[in-house]
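Residues per chain, in single letters:
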Amino acid sequence: MPDLLIELFSEEIPARMQARAREDLKKRVTDGLVEAGLTYRSAGAFSTPRRLALAVEGLTAESPTTREERKGPRTDAPQAALEGFLRSTGLTREQLEARDDKKGQVWFAVVAKPGRPAAEIVAEVLERTIRDFPWPKSMRWGSGSLRWVRPLHSIICLLSDESGASVVPLEIEGIRAGATTRGHRFMAPDQITVSGFEDYAAKLRRARIMLDPAEREAAIRQEAANLAFARGWEIVPDEGLLSEVAGLVEWPVALMGAIEDRFLSLPPEVLQTSMKEHQKFFSARNPRTGRIEGFVTVANIENPDHGETILKGNQRVLAARLSDAAFFWDNDLREAKAGMQDWAEGLRSVTFQSKLGSQADRIARIAALAREIAPLVGADPDQAEQAARVAKLDLRSAMVGEFPELQGTMGRYYALAAGLPEPVADAARDHYSPLGPSDAVPSAPVSVAVALADKLDTLTGFWAIDEKPTGSKDPFALRRAALGVIRLVLVNGVRANLGQTFAKARPDADATDLLAFFHDRLKVHLRDQGIRHDIIDAVLNMPGSDDLVLLVNRATALNDVLQTADGTNLLQGLKRAGNILAQAEEKDGVEYSFGADPKFAETDEERSLFAALDKAEPAIREAVRLEDFQAATQGIASLRAPIDAFFEAVQINTDNQITRRNRLNLLSRIREAGRLVADFGRIEG
C-alpha cells in the first residue's frame, strides 16, 4: 500500500489563513480519495509560511471494480425511451438483459466500472482541490487563470512504497508536479529532492525548516521562557500571538531585548498592546515590580552575531512606536486631569446609531438607567451615575484612537487621573464585560450597575427601533449583549423584574418580545450546564419568570429532582394524571378542578393519596413562598409512591359517576400540586 506526499509551495501564506488551509487541504483530498474508492490508514496536514503539505499513509493502490445494475424501460416501451436509456448507460441493445417484473418484462443494464490506479485518482482529486481551494482571499498572477493565496511555484505529488517513489503525472497552469522543494529562503535556498514524507521532513529540517506548526509554537514558547528566566522575568501568556508568530517563521529564533527606562512609566497594557499589534513582540514582565520591562521577538534566521543586529533594528522601531504612545499618554493625562469635558463634548458629534442618537445621548440614557439599577445591586446611585457618565469618555482619547482594544482599560487610568473614586474608575474598565461566554463577570456593585445599564440600553434601544437579530445575522451583537446581562444577573444574584427594567430603559420597547428573546438566550446558556430546554419551558409560565435568578433556581431544582428515580417516575404519574383529566374534560365538557372528598374514597390507596396531598400541598406552597425550590421539588417527589399506588389499584372511569367524578377531581389535585412548582406537561419523557 503506497504512501502519498503532497506539497504546495508558494509565496508567503498569511499566518491567519494557515490553520484553516491545512484542514481544508486534508479534508478535500482525503474526501475525494474516499469518494473515488480509495482507502487510507492515516493522514496529517502541515504548514509553514511558504508551503502546505499533506502526508497520507497506507493508501490503497487502486480503486475496486464496481458493478452497477440499472433498471430501464419496459421491453415494449417506445423506441425513443430505449434509446435514451442506452445513451445514459453507454451500452448497446445487445448488452441489455430482459427480466420479468411486476408489470411485464423490463430492460436491465449491468454496468461494470473497472478499478483505477491510485495515481490517476490522486491527480484528479489534487487538481480539483487546487483549482477550487476555498481561500478567504486569492489572486491571479501572470497570464494564467489559476487563483491561489499567493503565487504558486511548485507542487510535490509523490506515491511511494517498498519499490520506490514515483511522481504522479499532474500539470496545472504550467506547473508540473515533481519531487523537489526548497528549504529556508536565506539559510538553505537550494532545491531539495525527496522520496517520501520521512525523507521530506528530515531534509527540510536540515534545510532549516520546522514543518509542524505545533513544533514551532513549542520551540518559541520554550526559548522565550528560557530567555526571560535568565533575566528574572516571565513571559506574559498570549496564545493567539504565539500561533500567529509561528505562522510567520519557518525556523524560529527567539531574541530578547529590554525596554528603555523612559517608557517604563507607560501603563503595562499600552506597552503590551503596542508591541503586540505593531511588531508581534511577546511582553516580558518583571514579577518583582509587576511592570513590562522587556520583550521577545522571533526572527526567521540565525545570524553570526546571534541576533544583535536584528535586536538593534527592532529596538529602534520600538522606541519610535513607544514614543508615539508616550505622546498620546501625556496628552490624554492632561485632558483627564482637566476633567475630560472636551471628550464629553466631542461625543456629541459621534453617532451611535442614526435612530438612537449620538454617543452623548446614549451616555445620558445609561447614566439614568444605572442610577435606577444601583439599588438592585447594592451600588451607590451617585457613583453609578457618575461612572456611567465617564465610562465611555476614553473613546475620544488619542490612545484609544490608536489602540481601540484598550477602550475601558484606558478609561480606568483616566478616571483615576481625574481624581474619581476607585469604584467609578473600575466601572469604566469593567462595564463592557462580559464580552463572551468565557469572559470574567464583574462583581463590584458599581461596575455591575453600569455594565447592566450599558447592555440593557443597547437591547431596548434596538428593540424600540425594530432592529432585532434575524436568523444567523446579528450585526449589533445583541445576542452577546443579552448573554452578558444573563451572566451578570446570575453570577451576582441580581433580583430584578426585567420587564420593569426594560420599561425604565425604553418605554417604547416591546418588553414581552424582548423577554422572550432573553428566555431563548437563557436556554442556550443553561444547556451548557446540563439543563434541558424543556425544563426551562416548564418553569417559564410560573410567576416571576422575568426574574432570571428565580427562574434558574426553579429550573435547577426541577432538573435535580428529575435526575432521580423518584423524579422520573413522578413525572410519568403527573403526565398520566394530566392526560386522563384532559380526555375526561374534553369528553364531558366540564373542568374537574374542585370537590375531591375523601369520604367518597373506596380504597386504601385513594385514602393514602388524599392524606399525602393534604400533607404535601401546604409544605410545597410554603417552600415556594420562601423560594426554597429544592424543598418544593422534594415535596412533589414525596408524592411519587402514593400516586403510583393509586394508579395501580384504582380504576378512574368507573360506572359509579359520583366515584368517577371524585377520582377525576383527585387527579386535578395531583395536577395542581405539580403546577405549584412547574408545568410538568411541557417536560419531554
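Now for a quick tour of the structure. (Residues numbered from 1 in each chain as written. Predicted model: local features only at pLDDT ≥ 70, side-chain atom pairs only at ≥ 80, totals over all residues. Heavy atoms only, no water.)

Observations concerning the pattern of salt bridges
As a reminder, the rule being used: A pair is scored as a salt bridge if a Lys or Arg side-chain nitrogen falls within 4 Å of a carboxyl oxygen belonging to Asp or Glu. The secondary structure listing takes helices from DSSP runs of H or I that are at least 4 residues long and strands from runs of E that are at least 2 residues long, numbered from the N terminus. Burial classes follow relative accessibility: with a 1.4 Å probe on protein chains only, a residue under 20% of its type's maximum area counts as buried, one over 50% as exposed, and anything between as partly exposed.
Counted according to the given criterion, the structure contains 57 salt bridges. The shortest N-O distance in the salt bridge between Glu 173 and Arg 131 comes to 3.3 Å. Pair noted here: Glu 173 is in the loop between strand E9 (171–172) and strand E10 (175–176) and Arg 131 is in helix H3 (residues 118–131), with a separation of 42 residues, a long-range link. Taking the relative accessible area as the measure of exposure, Arg 131 reaches 37% and is therefore partly exposed. A salt bridge links Glu 585 to Arg 671; the nearest nitrogen and oxygen atoms lie 3.4 Å apart. In this pair, Glu 585 is assigned in helix H21 (residues 565–588) and Arg 671 in helix H25 (residues 657–675), connecting sequence segments 86 residues apart. Just as Glu 585 is buried, Arg 671 falls in that class too. Salt bridges linked by common partners bring Arg 362, Arg 365, Lys 392, Asp 454 and Asp 457 together as one network.

Digging into the sheet that holds strand E6 (residues 104–113)
To be explicit about the condition: DSSP-based pairing: two strands are paired if at least 2 bridges between them are found. Here, axes are lines fitted to C-alpha atoms. For helices the fit covers the stretch in contact, and angles between N-to-C directions go from 0 to 180 degrees.
Spatially, 3 strands are ordered E4-E6-E5 in an open sheet, and the strand pairing comes out antiparallel. Single-partner strands in this sheet number two, and they are strand E4 (66–74) and strand E5 (97–101). Between one strand axis and the next, the sheet turns through 35 degrees on average, direction left out of account. Of the pairings in the sheet, the one linking E4 to E6 comprises 7 bridges and is antiparallel in character. Bridge assignment links Glu 69 to a residue of E6, and that residue is Val 110.

Observations concerning the packing of aromatic side chains
The criterion, for reference: Ring geometry is summarised as follows: Phe, Tyr and Trp rings, the Trp one being its six-membered ring, pair when their centres sit within 6.5 Å, and such pairs are stacked at plane angles under 30 degrees, edge-to-face over 60 and tilted between the two. Any Lys NZ or Arg CZ that is within 6 Å of a ring centre and within 35 degrees of that ring's normal is treated as a charge sitting over the ring.
All chains considered together, the criterion is met by 15 aromatic pairs. For the ring pair Trp 135 and Trp 148, a centre distance of 5.2 Å and an interplane angle of 85 degrees mean the geometry is edge-to-face. Of this pair, Trp 135 sits in the loop between H3 and strand E7 (152–161) while Trp 148 sits in the loop between H3 and E7, and the two are 13 residues apart along the sequence. Taking the relative accessible area as the measure of exposure, Trp 135 reaches 9% and is therefore buried. Residue classification places Trp 148 among the buried residues on the basis of a relative accessible area of 1%. Seen from their ring centres, Phe 197 and Tyr 200 are 6.4 Å apart, and the 40 degrees between their planes marks the pair as tilted. A residue pair is termed a helical-turn pair when its members lie 3 or 4 positions apart in one helix, as Phe 197 and Tyr 200 do in helix H4 (residues 197–206) at 3 residues. Classification of Phe 197 by relative accessible area gives partly exposed; the value is 26%. Here Tyr 200 falls in the buried class, since its relative accessible area comes to 0%. Here a set of aromatic residues connected by ring pairs shows up, and it is made of Trp 329, Trp 343, Tyr 413 and Tyr 414. For the cation-ring pair, Arg 99 lies above Phe 108, with the distance from its terminal atom to the ring centre recorded as 4.6 Å.

Brief notes about the side chain of Gln 18
For clarity, the threshold we go by: What makes two residues a contact is simply this: any of their non-hydrogen atoms within 4.5 Å.
Note on placement: Gln 18 falls in helix H1 (residues 15–35). In contact with Gln 18, not counting residues within four places along its chain, are Ile 13, Ser 47, Thr 48, Pro 49, Arg 216 and Gly 247.

Comments concerning the sheet that holds strand E3 (residues 51–57)
With respect to topology, 5 strands assemble into an open sheet ordered E2-E3-E1-E7-E8, the strand pairing being antiparallel. Since the sheet does not close on itself, it has two edges, and those belong to strand E2 (42–48) and strand E8 (164–167), each with one partner. Averaged over all pairs of adjacent strands, the angle between strand axes in this sheet comes to 15 degrees, irrespective of strand direction. Here 8 bridges tie strand E1 (residues 3–10) to E7, and the two strands are oriented antiparallel to one another. Residue pairing across strands places Ile 6 opposite Cys 157, the latter belonging to E7. Its contacts with the sheet put H1 on E1, E2 and E3, and the angle it makes with E2 is roughly 150 degrees.

Some remarks on unusual backbone geometry
Cis geometry marks the peptide bond from Ser 433 to Pro 434; its omega dihedral reads -10 degrees. A positive phi angle, close to 55 degrees, is found at His 306, a residue other than glycine. Relative to the assigned elements, His 306 resides in the loop between strand E16 (292–299) and helix H8 (308–337). Exposure remark for His 306: the relative accessible area of 71% places this residue in the exposed category. Although it is not a glycine, Ala 477 sits at a positive phi angle of roughly 55 degrees.

Focus: the pairing of strand E14 (residues 253–258)
Counting buried positions along E14 gives 5 out of 6 residues, so the element sits mostly inside the fold. Here E14 pairs with E16 via 6 bridges, running antiparallel. Bridge pairing links Val 253 to Ala 299 in E16.

Points about the nonpolar core
We apply this condition: The definition of a nonpolar core used throughout is a set of buried Ala, Val, Leu, Ile, Met, Phe, Trp, Tyr and Cys residues joined through side-chain atoms within 4.5 Å.
Residues Ile 259, Met 399, Tyr 414, Leu 459, Phe 518, Leu 558 and Leu 667 are the most contacted members of the largest nonpolar core, which totals 141 residues. Among the elements that take part in this core, helix H15 (residues 445–464) stands out by supplying 11 residues, more than any other. In contact with Leu 558, not counting residues within four places along its chain, are Ile 535, Ala 538, Val 539, Thr 633, Ala 678, Phe 680 and Ile 683. Of all hydrophobic cores here, the second largest spans 37 residues; its members include Ile 121, Val 122, Leu 159 and Ile 172.

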